[in-house]
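Chain by chain, the residues run as shown.
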Amino acid sequence: LIQRRVKSEAFVASSDSPSCGGHVHVCNGERCRRLGADAACIEIEELVAELRHSNKCSGHVPLVSRGGCCHQCEHAPVVQIVTTDSNQQSVTALVGDVNTPQQCTTVLAHVDGCNANESHAVQVSPTPEDSIRNMMARRAEILRWDALRCVSRSDPASQREGKRKLLAAIDAERIATSHDPEKLARANRRAERLAERFALQEVRTCNDAALGGA
């Protein structure tokens, strides 16, 4: 967390989003974009979509958007969170170095009532199988982050490569979560959203056709 400040005026959601629980603005500055702000925005949108599905937001679901430069370039990528406290005062928090999926989860921790982390009632020592599964899940996250950074670039070649990487990341997450029906269902929902967003089915069809003709 870079800074947190409170203003006397209350945060007011836009009229077309009456259920808004705050605003999450991902900095649109040049340095932030270069260091992965687009990937961060997509990842946070994915987290919010899953929160909406699983009802893990006790308040209202926050809006996610690209915002102007936060002038905190040394901490790029930067995310600004604007919410309202119990006194109806506007609270602004800046989170820096949002350059991993874990950091994107941290961003939502600053939105009241949102919990993007998995909860475990009982903590036990991991088995060798658990360690392998955790390593596979971590690998899937790294693959997805790299793919999102690639697919968000402006040149068509990077976008094509990013889509291929995203398919690999989706497959990796499904394999890593295949032992847990709930986690696998979440992976499948993410896959459906990303496939629709980036027309991944077309890419997979082309890949399958190329392999079939080889």
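Keep in mind the model is a prediction, meaning the values are calculated, not measured.

## Description of the overall build of the protein
On a plain count of helices and strands, the protein comes out with seven helices and five strands. Taken from the N to the C terminus, the helices and strands of the protein come in the order β-β-α-α-β-β-β-α-α-α-α-α. Here the protein holds 214 residues, and 37% of them are scored as buried. Across the protein, every contact between residues at least 6 apart in sequence was considered, and the portion connecting residues at least 24 apart equals 70%. Carbon and sulfur atoms provide 50% of the accessible area of the protein, an area that totals close to 11,900 Å².

## Re the pairing of strand S4 (residues 79–84)
For S4, the buried fraction is high: five of the six residues fall into the buried class. Note that S4 and strand S5 (residues 90–95) share six bridges and pair antiparallel. What sits directly across from Ile-81, in S5, is Ala-93. What sits between the antiparallel neighbours S4 and S5 is a turn of five residues, in which Gln-88 has the positive phi angle 60°.

## A word on the pairing of strand S2 (residues 23–27)
Where burial is concerned, most of S2 is hidden: five out of the five residues are buried. Burial along S2 is two-sided: the residues His-23, His-25 and Cys-27 and Val-24 and Val-26 are all buried. Where S2 meets strand S3 (residues 63–67), five bridges bridge the pair, whose relative direction is parallel. Residue pairing for S3: His-25 is matched across the bridge by Ser-65. Pairing of S2 with S4, which is carried by four bridges, proceeds in the antiparallel orientation. Counted as the bridge partner of His-25 is Gln-80 from S4.

## Regarding the side chain of Thr-177
Along the chain, Thr-177 falls in the loop between helix H5 (156–176) and helix H6 (181–198). Polar side-chain contacts of Thr-177 include one of 2.8 Å to the backbone oxygen of Glu-173. When near neighbours in sequence (up to four residues on either side) are disregarded, Thr-177 contacts Lys-183, Leu-184 and Ala-187.

## Here we look at the packing of H5 against H6
The interhelical angle for the contact between H5 and H6, taken along N-to-C directions, is 165°, at an axis separation of 9 Å. Between H5 and H6, the crossing angle belongs to the class labelled roughly antiparallel. For H5 against H6, the interelement crossing comes out left-handed. Contacts between H5 and H6 pair Lys-163, Leu-166, Ile-170, Glu-173 and Arg-174 from the former with Leu-184, Ala-187, Asn-188, Arg-190, Ala-191, Leu-194 and Phe-198 from the latter. Partitioned by chemical class, the residues of the contact of H5 with H6 number seven nonpolar, one polar and four charged.

Definitions and limits used
- Residues numbered from 1 in each chain as written.
- Predicted model: local features only at pLDDT ≥ 70, side-chain atom pairs only at ≥ 80, totals over all residues.
- Heavy atoms only, no water.
- Helix = DSSP H or I, 4+ residues; strand = E, 2+ residues; numbered from the N terminus.
- Buried < 20%, exposed > 50% of the residue type's maximum accessible area, 1.4 Å probe, protein only.
- Contact = heavy atoms within 4.5 Å.
- Areas by Shrake-Rupley, 256 points an atom, 1.4 Å probe, with all protein chains shown as cover.
- Pairing = 2+ DSSP bridges.
- Polar contact = N/O pair within 3.5 Å; in protein donor to acceptor, adjacent residues only side chain to side chain.
- Axes fitted to C-alpha atoms, helices over the stretch in contact; angles between N-to-C directions.
- Parallel < 35°, antiparallel > 145°, perpendicular 65-115°, else oblique.
- Left-handed = near helix turned anticlockwise from the far one by under 90°.
- Nonpolar A, V, L, I, M, F, W, Y, C, P; charged D, E, K, R; others polar.

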